[in-house]
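Understanding the architecture of this molecule
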Amino acid sequence: MTQPLPAILAHLDETAPAARDRLIDWLRIPSISAQPAHAADCRRAADWVRAELESIGFTASVRPTAGHPVVVAHHPGPGADAPHLLFYGHYDVQPADPLELWTSPPFEPAVVEGPHGPRVVARGAVDDKGQCRMWLDAFRAWHAVAGGPPCRVTVLIEGEEEIGSPSLDAFLAANKDELKADVAVISDTGMWDIDTPAITTSLRGMVYGQIDVRAASRDLHSGMYGGSARNVLNLLTQILGGLQDETGRIQIPGFYDGVKELTNAQRVEWDRLGFDEAAYLGDIGLSIPVGERGRGALERMWARPTADINGIWGGYTGDGSKTVIAAEAHAKLSCRLVPGQDPAKVVEGIRRFVADRLPADCTAEVQVFSTTPGIEVPADSRWVQAARRALGAEYGRPAVLMGCGGSIPVVESLKRLLGLDSLLVGFGLNDDQVHSPNEKFELRCLHQGARSHARLLAEIAG
Ligand SMILES: [Zn+2]
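Residues numbered from 1 in each chain as written. Predicted model: local features only at pLDDT ≥ 70, side-chain atom pairs only at ≥ 80, totals over all residues.

Leu86, Val155, Ala184, Ala387, Leu423 and Ala454 are the most contacted members of the largest nonpolar core, which totals 119 residues. For this core, the leading source of residues is helix 14 (residues 443-461), giving nine residues. Counting contributing residues, this core receives three or more from each of domain 1 (5-203 + 375-461) and domain 2 (205-259 + 305-372). When residues no more than four places from it in sequence are discounted, the contact partners of Ala454 are Ile8, Leu9, Leu12, Ala138, Ala141 and Trp142. (Core = buried A, V, L, I, M, F, W, Y, C linked by C-beta atoms within 7 Å. Buried ≥ 20, exposed ≤ 12 C-beta atoms within 10 Å, placed from the backbone. Helix = DSSP H or I, 4+ residues; strand = E, 2+ residues; numbered from the N terminus. Domains from an automatic or database assignment. Contact = placed C-beta atoms within 7 Å.)

We now examine the domain arrangement of the protein. With domains assigned, the protein is organised as domain 1 (5-203 + 375-461) and domain 2 (205-259 + 305-372). With centres defined by C-alpha atoms, the gap from domain 1 to domain 2 works out at 41 Å. The interface is formed by seven residues belonging to domain 1 together with five residues belonging to domain 2. Mapped by element, the contributors of at least two residues to the side of domain 1 that touches domain 2 are strand 15 (375-376) and helix 13 (409-418). Tallied by class, the residues present in the side of domain 1 that touches domain 2 amount to two nonpolar, three polar and two charged. (Nonpolar A, V, L, I, M, F, W, Y, C, P; charged D, E, K, R; others polar.)

Most of strand 3 (residues 84-90) sits out of view: six of its seven residues are buried. Relative to strand 6 (residues 152-158), strand 3 runs parallel, the two being bridged by seven bridges. Bridge pairing links Gly89 to Ile157 in strand 6. (Pairing = 2+ DSSP bridges.)

Listed in full, the buried residues belonging to helix 13 are Val410, Val411, Ser413 and Leu414. Down the axis of helix 13, the buried side of the element spans an arc of 165°, and every buried residue falls inside it. Residues of helix 13 that are buried make contact with strand 3, helix 5 (168-174), strand 7 (183-186), strand 8 (198-203), strand 15 and strand 17 (422-425). Just downstream of helix 13, Gly419 is the residue with a positive phi angle, here 70°. (Arc of directions from axis to C-beta.)

Attention now goes to the environment of Ile211. Structurally, Ile211 can be placed in strand 9 (residues 205-214). When the 22 C-beta atoms within 10 Å are taken as the criterion, Ile211 is described as buried. Excluding residues within four positions of it along the chain, Ile211 makes contact with His330, Ala331, Leu333, Val354, Ala364 and Val366.

What follows is about unusual backbone geometry. Here the bond from Asp97 into Pro98 is cis, since omega is 0°, no more than 30 degrees from zero. Relative to the helices and strands, Pro98 resides in the loop between strand 3 and strand 4 (110-114). Here the bond from Asp127 into Asp128 is cis, since omega is 5°, no more than 30 degrees from zero. Topologically, Asp128 is positioned in the loop between strand 5 (117-121) and helix 4 (129-146). Notably, Gln433 is not glycine yet its phi reads approximately 60°, a positive angle. Residue placement: Gln433 occurs in the loop between strand 17 and strand 18 (440-442). At His435, a residue that is not glycine, the phi angle is positive and equals roughly 70°. Within the fold, His435 resides in the loop between strand 17 and strand 18.

Attention shifts here to the packing of helix 12 (residues 382-395) against helix 14. Two numbers describe how helix 12 lies on helix 14: the axes approach to 8 Å, and their chain directions differ by 135°. The pairing of helix 12 with helix 14 is recorded here as oblique in orientation. For the pair helix 12 and helix 14, the sense of crossing is right-handed. Where helix 12 abuts helix 14, its residues Ala386, Ala387, Arg389, Ala390, Leu391, Ala393 and Glu394 lie against Gln448, Arg451, Ser452, Arg455, Leu456, Glu459 and Ile460. Residues that form the contact of helix 12 with helix 14 fall into these classes: seven nonpolar, two polar and five charged. (Axes fitted to C-alpha atoms, helices over the stretch in contact; angles between N-to-C directions. Parallel < 35°, antiparallel > 145°, perpendicular 65-115°, else oblique. Left-handed = near helix turned anticlockwise from the far one by under 90°.)

Printed below as a string of C-alpha coordinates:
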(Lines give C-alpha, C1' and ligand atoms only; values in the text may rest on other atoms or scores of the structure.)
Protein backbone atom coordinates (compact mmCIF):
# COMPACT_ATOMS: atom_id res chain seq x y z
CA MET A 1 0.00 0.00 0.00
CA THR A 2 1.31 3.46 -0.75
CA GLN A 3 1.58 5.71 2.28
CA PRO A 4 -1.89 7.27 2.52
CA LEU A 5 -0.95 10.14 4.85
CA PRO A 6 -0.61 12.89 2.20
CA ALA A 7 -4.09 12.07 0.88
CA ILE A 8 -5.48 12.01 4.42
CA LEU A 9 -4.01 15.44 5.22
CA ALA A 10 -5.38 16.77 1.92
CA HIS A 11 -8.78 15.36 2.83
CA LEU A 12 -8.68 17.16 6.19
CA ASP A 13 -7.82 20.41 4.37
CA GLU A 14 -10.70 20.01 1.91
CA THR A 15 -13.24 19.11 4.58
CA ALA A 16 -12.27 21.71 7.20
CA PRO A 17 -15.61 23.59 6.91
CA ALA A 18 -17.54 20.38 7.58
CA ALA A 19 -15.28 19.65 10.56
CA ARG A 20 -16.09 23.08 11.98
CA ASP A 21 -19.81 22.44 11.50
CA ARG A 22 -19.64 19.10 13.28
CA LEU A 23 -18.00 20.79 16.27
CA ILE A 24 -20.67 23.48 16.26
CA ASP A 25 -23.40 20.85 16.16
CA TRP A 26 -22.06 19.08 19.24
CA LEU A 27 -21.51 22.39 21.06
CA ARG A 28 -25.21 23.24 20.71
CA ILE A 29 -26.04 20.50 23.23
CA PRO A 30 -25.82 22.00 26.75
CA SER A 31 -24.32 18.91 28.38
CA ILE A 32 -23.68 20.46 31.80
CA SER A 33 -22.90 17.53 34.06
CA ALA A 34 -23.22 19.49 37.31
CA GLN A 35 -26.86 20.42 36.79
CA PRO A 36 -29.53 17.70 37.10
CA ALA A 37 -31.80 19.68 34.74
CA HIS A 38 -29.31 18.92 31.96
CA ALA A 39 -29.15 15.15 32.47
CA ALA A 40 -31.09 14.56 29.24
CA ASP A 41 -28.69 16.88 27.40
CA CYS A 42 -25.76 14.86 28.68
CA ARG A 43 -27.42 11.75 27.32
CA ARG A 44 -28.00 13.57 24.02
CA ALA A 45 -24.34 14.61 23.78
CA ALA A 46 -23.34 10.99 24.42
CA ASP A 47 -25.72 9.74 21.72
CA TRP A 48 -24.44 12.38 19.33
CA VAL A 49 -20.86 11.15 19.59
CA ARG A 50 -21.92 7.48 19.51
CA ALA A 51 -23.65 8.10 16.16
CA GLU A 52 -20.58 9.99 14.96
CA LEU A 53 -18.30 7.06 15.81
CA GLU A 54 -20.66 4.58 14.14
CA SER A 55 -20.61 6.67 10.96
CA ILE A 56 -16.83 6.25 10.69
CA GLY A 57 -16.58 2.51 11.13
CA PHE A 58 -16.57 2.07 14.91
CA THR A 59 -18.82 -0.17 16.95
CA ALA A 60 -20.02 2.18 19.61
CA SER A 61 -22.34 2.16 22.59
CA VAL A 62 -23.61 4.47 25.30
CA ARG A 63 -23.09 2.71 28.61
CA PRO A 64 -24.85 3.47 31.86
CA THR A 65 -23.02 4.39 35.05
CA ALA A 66 -24.29 5.54 38.43
CA GLY A 67 -24.19 9.05 36.93
CA HIS A 68 -23.97 10.26 33.33
CA PRO A 69 -23.27 7.59 30.71
CA VAL A 70 -19.93 6.73 29.13
CA VAL A 71 -19.44 6.27 25.39
CA VAL A 72 -17.23 3.32 24.43
CA ALA A 73 -16.26 2.50 20.87
CA HIS A 74 -13.89 0.13 19.13
CA HIS A 75 -12.20 -0.08 15.76
CA PRO A 76 -10.15 -3.16 14.89
CA GLY A 77 -7.81 -1.15 12.62
CA PRO A 78 -5.69 -3.32 10.33
CA GLY A 79 -5.68 -6.28 12.73
CA ALA A 80 -4.55 -7.75 16.01
CA ASP A 81 -0.85 -7.00 15.47
CA ALA A 82 -1.33 -3.24 15.17
CA PRO A 83 -0.64 -0.99 18.15
CA HIS A 84 -3.74 -0.38 20.24
CA LEU A 85 -4.61 3.15 21.39
CA LEU A 86 -7.23 4.22 23.90
CA PHE A 87 -8.48 7.76 23.21
CA TYR A 88 -10.01 9.44 26.25
CA GLY A 89 -12.14 12.58 26.28
CA HIS A 90 -15.25 14.04 27.91
CA TYR A 91 -18.50 15.33 26.44
CA ASP A 92 -19.68 17.16 29.55
CA VAL A 93 -19.06 20.86 30.07
CA GLN A 94 -18.93 23.35 32.93
CA PRO A 95 -21.95 25.50 33.78
CA ALA A 96 -21.94 28.67 31.66
CA ASP A 97 -22.63 31.23 34.41
CA PRO A 98 -22.31 34.16 34.66
CA LEU A 99 -24.35 34.37 31.45
CA GLU A 100 -24.31 38.17 31.24
CA LEU A 101 -20.55 38.14 30.62
CA TRP A 102 -20.87 36.13 27.40
CA THR A 103 -20.72 38.10 24.14
CA SER A 104 -22.97 35.45 22.52
CA PRO A 105 -25.14 32.74 24.11
CA PRO A 106 -22.90 29.92 25.38
CA PHE A 107 -24.80 27.18 23.57
CA GLU A 108 -25.28 29.06 20.31
CA PRO A 109 -21.74 28.72 18.98
CA ALA A 110 -20.47 31.86 17.25
CA VAL A 111 -17.62 31.96 14.76
CA VAL A 112 -15.79 35.23 15.28
CA GLU A 113 -12.59 36.69 13.92
CA GLY A 114 -9.61 36.93 16.29
CA PRO A 115 -5.90 37.66 15.94
CA HIS A 116 -5.27 34.06 14.82
CA GLY A 117 -8.19 33.94 12.37
CA PRO A 118 -11.66 32.58 13.05
CA ARG A 119 -12.48 31.00 16.40
CA VAL A 120 -15.54 29.26 17.80
CA VAL A 121 -16.97 30.81 20.97
CA ALA A 122 -19.14 28.45 23.04
CA ARG A 123 -19.10 26.54 26.32
CA GLY A 124 -17.07 23.37 25.67
CA ALA A 125 -15.37 24.82 22.55
CA VAL A 126 -11.97 23.66 23.74
CA ASP A 127 -12.79 21.77 26.99
CA ASP A 128 -13.25 19.16 25.78
CA LYS A 129 -15.48 18.87 22.72
CA GLY A 130 -13.08 20.74 20.42
CA GLN A 131 -10.17 18.65 21.62
CA CYS A 132 -12.15 15.42 21.06
CA ARG A 133 -13.26 16.61 17.61
CA MET A 134 -9.65 16.73 16.45
CA TRP A 135 -9.05 13.03 16.88
CA LEU A 136 -12.55 12.19 15.70
CA ASP A 137 -11.79 14.17 12.52
CA ALA A 138 -8.49 12.32 12.16
CA PHE A 139 -10.35 8.98 12.39
CA ARG A 140 -12.91 10.27 9.88
CA ALA A 141 -10.21 11.18 7.38
CA TRP A 142 -8.44 7.83 7.77
CA HIS A 143 -11.80 6.12 7.30
CA ALA A 144 -12.61 8.09 4.15
CA VAL A 145 -9.22 7.72 2.49
CA ALA A 146 -7.82 4.42 3.78
CA GLY A 147 -10.90 2.56 5.03
CA GLY A 148 -9.96 2.94 8.71
CA PRO A 149 -7.20 3.95 11.12
CA PRO A 150 -3.79 2.24 10.88
CA CYS A 151 -3.97 1.29 14.58
CA ARG A 152 -6.51 -0.49 16.71
CA VAL A 153 -8.52 2.17 18.47
CA THR A 154 -10.69 2.16 21.57
CA VAL A 155 -12.56 5.33 22.47
CA LEU A 156 -13.71 6.26 25.97
CA ILE A 157 -15.67 9.50 26.35
CA GLU A 158 -17.11 10.18 29.76
CA GLY A 159 -19.72 12.68 30.90
CA GLU A 160 -18.60 13.55 34.42
CA GLU A 161 -15.10 14.98 34.07
CA GLU A 162 -16.20 18.44 35.12
CA ILE A 163 -17.64 17.12 38.37
CA GLY A 164 -14.61 15.03 39.31
CA SER A 165 -15.40 11.81 37.41
CA PRO A 166 -17.25 10.12 40.31
CA SER A 167 -18.29 7.09 38.20
CA LEU A 168 -15.14 6.64 36.15
CA ASP A 169 -13.01 4.46 38.42
CA ALA A 170 -15.82 1.93 38.89
CA PHE A 171 -16.42 1.90 35.15
CA LEU A 172 -12.73 1.34 34.37
CA ALA A 173 -12.50 -1.44 36.95
CA ALA A 174 -15.64 -3.18 35.68
CA ASN A 175 -14.57 -2.98 32.02
CA LYS A 176 -10.87 -3.60 32.42
CA ASP A 177 -10.57 -6.24 29.70
CA GLU A 178 -12.61 -4.35 27.17
CA LEU A 179 -10.55 -1.19 27.68
CA LYS A 180 -7.16 -2.87 27.36
CA ALA A 181 -4.74 -0.99 25.10
CA ASP A 182 -1.05 -0.19 24.74
CA VAL A 183 -1.30 3.48 25.68
CA ALA A 184 -3.94 6.14 26.35
CA VAL A 185 -4.07 9.30 24.25
CA ILE A 186 -5.60 12.34 25.93
CA SER A 187 -6.27 15.75 24.39
CA ASP A 188 -7.24 18.01 27.26
CA THR A 189 -4.01 20.00 27.69
CA GLY A 190 -2.46 22.98 25.95
CA MET A 191 0.14 24.09 23.44
CA TRP A 192 3.03 26.34 24.43
CA ASP A 193 1.65 28.92 21.97
CA ILE A 194 -0.25 28.73 18.70
CA ASP A 195 2.92 28.01 16.72
CA THR A 196 4.58 25.68 19.20
CA PRO A 197 3.06 22.26 19.89
CA ALA A 198 3.54 20.59 23.24
CA ILE A 199 3.44 17.19 24.88
CA THR A 200 2.77 17.19 28.60
CA THR A 201 5.06 14.63 30.19
CA SER A 202 4.69 15.31 33.88
CA LEU A 203 1.75 16.14 36.10
CA ARG A 204 1.90 17.16 39.72
CA GLY A 205 -0.05 15.13 42.26
CA MET A 206 -1.47 16.32 45.55
CA VAL A 207 -1.91 15.73 49.24
CA TYR A 208 -4.79 17.72 50.69
CA GLY A 209 -5.48 17.80 54.38
CA GLN A 210 -6.57 19.74 57.43
CA ILE A 211 -4.66 20.42 60.62
CA ASP A 212 -6.69 20.79 63.84
CA VAL A 213 -4.82 21.98 66.91
CA ARG A 214 -6.30 22.10 70.41
CA ALA A 215 -4.84 23.79 73.48
CA ALA A 216 -6.98 24.92 76.47
CA SER A 217 -10.13 22.98 77.33
CA ARG A 218 -12.27 26.06 76.58
CA ASP A 219 -12.08 29.56 75.09
CA LEU A 220 -10.46 31.96 77.58
CA HIS A 221 -10.57 35.65 78.52
CA SER A 222 -7.34 37.22 77.21
CA GLY A 223 -7.15 39.56 80.16
CA MET A 224 -7.39 36.82 82.75
CA TYR A 225 -5.29 34.19 80.96
CA GLY A 226 -3.16 36.17 78.49
CA GLY A 227 0.51 35.78 79.45
CA SER A 228 0.02 32.36 80.99
CA ALA A 229 -2.24 30.19 78.84
CA ARG A 230 -1.11 28.95 75.41
CA ASN A 231 -2.73 30.81 72.50
CA VAL A 232 -3.55 28.11 69.98
CA LEU A 233 -3.79 30.53 67.05
CA ASN A 234 -0.33 31.88 67.80
CA LEU A 235 0.85 28.29 68.03
CA LEU A 236 -0.70 27.16 64.75
CA THR A 237 0.63 30.15 62.84
CA GLN A 238 4.10 29.56 64.30
CA ILE A 239 3.96 25.95 63.15
CA LEU A 240 2.75 26.89 59.68
CA GLY A 241 5.20 29.78 59.48
CA GLY A 242 7.99 27.22 59.60
CA LEU A 243 6.80 25.32 56.52
CA GLN A 244 9.40 27.05 54.32
CA ASP A 245 12.83 28.31 55.29
CA GLU A 246 14.14 31.64 54.03
CA THR A 247 15.31 30.03 50.76
CA GLY A 248 11.84 28.67 50.06
CA ARG A 249 12.78 25.09 50.85
CA ILE A 250 9.96 23.13 52.48
CA GLN A 251 10.81 21.86 55.96
CA ILE A 252 8.48 18.84 56.20
CA PRO A 253 10.74 15.88 57.09
CA GLY A 254 11.48 13.61 54.12
CA PHE A 255 9.50 15.90 51.81
CA TYR A 256 12.05 15.88 49.00
CA ASP A 257 12.71 12.11 49.14
CA GLY A 258 12.42 10.78 45.60
CA VAL A 259 12.29 14.22 43.95
CA LYS A 260 14.48 14.13 40.86
CA GLU A 261 16.58 17.04 39.68
CA LEU A 262 15.84 18.26 36.17
CA THR A 263 18.09 16.86 33.51
CA ASN A 264 20.31 19.40 31.83
CA ALA A 265 18.50 18.86 28.54
CA GLN A 266 15.18 19.61 30.22
CA ARG A 267 16.51 22.73 31.90
CA VAL A 268 17.94 24.02 28.62
CA GLU A 269 14.68 23.29 26.79
CA TRP A 270 12.57 25.11 29.39
CA ASP A 271 15.00 28.04 29.56
CA ARG A 272 14.76 28.37 25.80
CA LEU A 273 11.00 28.88 26.08
CA GLY A 274 11.75 32.29 27.53
CA PHE A 275 8.89 32.24 30.04
CA ASP A 276 8.28 35.80 31.21
CA GLU A 277 7.69 35.45 34.94
CA ALA A 278 7.52 39.22 35.48
CA ALA A 279 4.63 39.51 33.02
CA TYR A 280 2.98 36.41 34.44
CA LEU A 281 3.04 37.91 37.94
CA GLY A 282 2.27 41.40 36.66
CA ASP A 283 -0.98 40.05 35.27
CA ILE A 284 -2.13 39.20 38.80
CA GLY A 285 -0.83 42.35 40.45
CA LEU A 286 2.40 40.87 41.82
CA SER A 287 6.07 41.41 41.09
CA ILE A 288 8.18 39.28 43.45
CA PRO A 289 8.45 35.54 42.73
CA VAL A 290 8.40 33.04 45.61
CA GLY A 291 9.37 29.39 45.78
CA GLU A 292 12.78 27.78 46.00
CA ARG A 293 15.61 30.18 45.42
CA GLY A 294 17.90 29.50 42.48
CA ARG A 295 15.37 27.63 40.37
CA GLY A 296 13.60 28.84 37.24
CA ALA A 297 9.90 29.68 37.21
CA LEU A 298 8.85 26.74 35.02
CA GLU A 299 10.94 24.38 37.12
CA ARG A 300 9.25 25.66 40.29
CA MET A 301 5.78 25.26 38.80
CA TRP A 302 6.24 22.02 36.86
CA ALA A 303 8.98 20.03 38.55
CA ARG A 304 9.13 21.07 42.22
CA PRO A 305 6.67 20.30 45.03
CA THR A 306 4.86 22.96 47.04
CA ALA A 307 3.15 23.37 50.42
CA ASP A 308 0.38 25.96 50.51
CA ILE A 309 -1.99 26.94 53.29
CA ASN A 310 -5.41 27.23 51.67
CA GLY A 311 -7.39 28.44 54.65
CA ILE A 312 -6.96 29.16 58.33
CA TRP A 313 -9.51 29.84 61.01
CA GLY A 314 -10.27 29.86 64.74
CA GLY A 315 -11.10 32.27 67.56
CA TYR A 316 -13.24 35.29 66.89
CA THR A 317 -13.69 36.47 63.29
CA GLY A 318 -16.94 38.47 63.56
CA ASP A 319 -17.47 42.25 63.58
CA GLY A 320 -15.65 44.37 66.12
CA SER A 321 -13.57 42.85 68.88
CA LYS A 322 -13.76 39.98 71.31
CA THR A 323 -10.83 39.42 73.63
CA VAL A 324 -10.65 35.67 73.41
CA ILE A 325 -7.85 33.13 73.58
CA ALA A 326 -9.29 30.35 71.51
CA ALA A 327 -9.21 26.70 72.46
CA GLU A 328 -8.72 25.41 68.91
CA ALA A 329 -7.39 26.45 65.53
CA HIS A 330 -7.58 24.92 62.06
CA ALA A 331 -5.87 25.14 58.72
CA LYS A 332 -6.25 23.57 55.28
CA LEU A 333 -2.97 22.55 53.73
CA SER A 334 -2.30 21.30 50.21
CA CYS A 335 0.96 20.04 48.80
CA ARG A 336 1.47 19.71 45.06
CA LEU A 337 3.66 16.65 44.54
CA VAL A 338 6.04 15.79 41.74
CA PRO A 339 6.77 12.35 40.29
CA GLY A 340 8.92 10.29 42.67
CA GLN A 341 7.34 11.56 45.90
CA ASP A 342 5.33 9.00 47.84
CA PRO A 343 2.08 10.65 49.00
CA ALA A 344 1.88 8.37 52.07
CA LYS A 345 5.37 9.46 53.14
CA VAL A 346 4.44 13.10 52.64
CA VAL A 347 1.42 12.62 54.93
CA GLU A 348 3.68 10.98 57.49
CA GLY A 349 6.08 13.91 57.15
CA ILE A 350 3.32 16.47 57.72
CA ARG A 351 2.23 14.61 60.88
CA ARG A 352 5.80 14.60 62.17
CA PHE A 353 6.34 18.22 61.25
CA VAL A 354 3.32 19.22 63.36
CA ALA A 355 4.04 16.80 66.23
CA ASP A 356 7.67 17.97 66.51
CA ARG A 357 6.48 21.53 67.10
CA LEU A 358 3.61 20.77 69.44
CA PRO A 359 3.87 21.58 73.19
CA ALA A 360 3.18 18.56 75.42
CA ASP A 361 -0.11 19.97 76.73
CA CYS A 362 -1.66 20.50 73.27
CA THR A 363 -3.01 18.03 70.71
CA ALA A 364 -3.08 18.05 66.94
CA GLU A 365 -4.84 15.98 64.35
CA VAL A 366 -4.02 15.85 60.65
CA GLN A 367 -6.98 14.76 58.54
CA VAL A 368 -6.20 13.72 54.98
CA PHE A 369 -8.86 14.29 52.31
CA SER A 370 -7.06 13.12 49.20
CA THR A 371 -3.72 11.88 47.95
CA THR A 372 -2.60 11.49 44.35
CA PRO A 373 0.94 10.88 43.18
CA GLY A 374 2.68 13.00 40.56
CA ILE A 375 2.88 11.27 37.21
CA GLU A 376 5.62 11.14 34.66
CA VAL A 377 5.49 9.86 31.09
CA PRO A 378 9.01 8.82 30.11
CA ALA A 379 10.19 11.25 27.42
CA ASP A 380 12.00 8.46 25.61
CA SER A 381 8.94 6.17 25.35
CA ARG A 382 7.99 5.16 21.80
CA TRP A 383 4.68 7.03 22.24
CA VAL A 384 6.28 10.34 23.14
CA GLN A 385 8.83 9.88 20.37
CA ALA A 386 6.07 9.19 17.82
CA ALA A 387 4.14 12.25 19.00
CA ARG A 388 7.28 14.41 18.75
CA ARG A 389 7.77 13.33 15.15
CA ALA A 390 4.11 13.89 14.26
CA LEU A 391 3.91 17.34 15.87
CA GLY A 392 7.32 18.38 14.56
CA ALA A 393 6.26 17.50 11.02
CA GLU A 394 2.97 19.39 11.33
CA TYR A 395 4.34 22.57 12.89
CA GLY A 396 7.82 22.64 11.39
CA ARG A 397 9.39 22.99 14.82
CA PRO A 398 10.00 20.58 17.68
CA ALA A 399 7.26 19.94 20.22
CA VAL A 400 8.04 21.18 23.70
CA LEU A 401 7.93 18.65 26.54
CA MET A 402 6.00 20.48 29.25
CA GLY A 403 5.09 19.82 32.81
CA CYS A 404 1.69 20.58 34.21
CA GLY A 405 1.42 22.22 37.62
CA GLY A 406 -2.02 20.74 38.24
CA SER A 407 -3.19 17.17 38.01
CA ILE A 408 -5.44 15.34 35.54
CA PRO A 409 -7.05 12.67 37.73
CA VAL A 410 -7.96 10.38 34.82
CA VAL A 411 -4.27 9.92 34.05
CA GLU A 412 -3.75 8.47 37.51
CA SER A 413 -6.92 6.30 37.22
CA LEU A 414 -5.84 4.89 33.85
CA LYS A 415 -2.45 4.02 35.30
CA ARG A 416 -3.75 2.52 38.53
CA LEU A 417 -6.72 0.59 37.14
CA LEU A 418 -5.66 -0.31 33.59
CA GLY A 419 -1.87 -0.06 33.86
CA LEU A 420 -1.85 2.47 31.02
CA ASP A 421 0.57 5.32 30.46
CA SER A 422 -0.98 8.42 28.96
CA LEU A 423 0.23 10.45 26.03
CA LEU A 424 -0.97 14.02 26.63
CA VAL A 425 -1.14 15.92 23.37
CA GLY A 426 -3.36 18.98 23.57
CA PHE A 427 -4.10 22.00 21.43
CA GLY A 428 -5.62 24.50 23.84
CA LEU A 429 -4.16 27.98 24.27
CA ASN A 430 -3.69 29.96 27.48
CA ASP A 431 -6.30 32.52 26.45
CA ASP A 432 -9.02 29.98 25.60
CA GLN A 433 -11.06 31.03 28.69
CA VAL A 434 -11.53 27.46 29.88
CA HIS A 435 -14.36 27.32 32.48
CA SER A 436 -14.90 31.09 31.99
CA PRO A 437 -17.33 33.17 29.95
CA ASN A 438 -16.52 33.33 26.22
CA GLU A 439 -14.66 30.03 26.10
CA LYS A 440 -13.23 29.68 22.59
CA PHE A 441 -11.24 27.39 20.36
CA GLU A 442 -9.16 28.62 17.44
CA LEU A 443 -10.20 26.97 14.18
CA ARG A 444 -6.53 26.88 13.30
CA CYS A 445 -5.93 24.74 16.40
CA LEU A 446 -8.87 22.51 15.49
CA HIS A 447 -7.50 21.98 12.00
CA GLN A 448 -3.83 21.55 12.85
CA GLY A 449 -4.81 19.38 15.80
CA ALA A 450 -6.75 17.05 13.50
CA ARG A 451 -3.82 16.93 11.09
CA SER A 452 -1.48 16.22 14.02
CA HIS A 453 -3.65 13.34 15.24
CA ALA A 454 -3.81 11.92 11.70
CA ARG A 455 0.00 12.06 11.58
CA LEU A 456 0.28 10.58 15.07
CA LEU A 457 -1.73 7.53 14.00
CA ALA A 458 0.62 7.06 11.03
CA GLU A 459 3.71 7.49 13.20
CA ILE A 460 2.52 5.03 15.82
CA ALA A 461 1.53 2.50 13.16
CA GLY A 462 5.08 2.85 11.83
ZN1 LIG B 1 -12.78 21.34 32.23
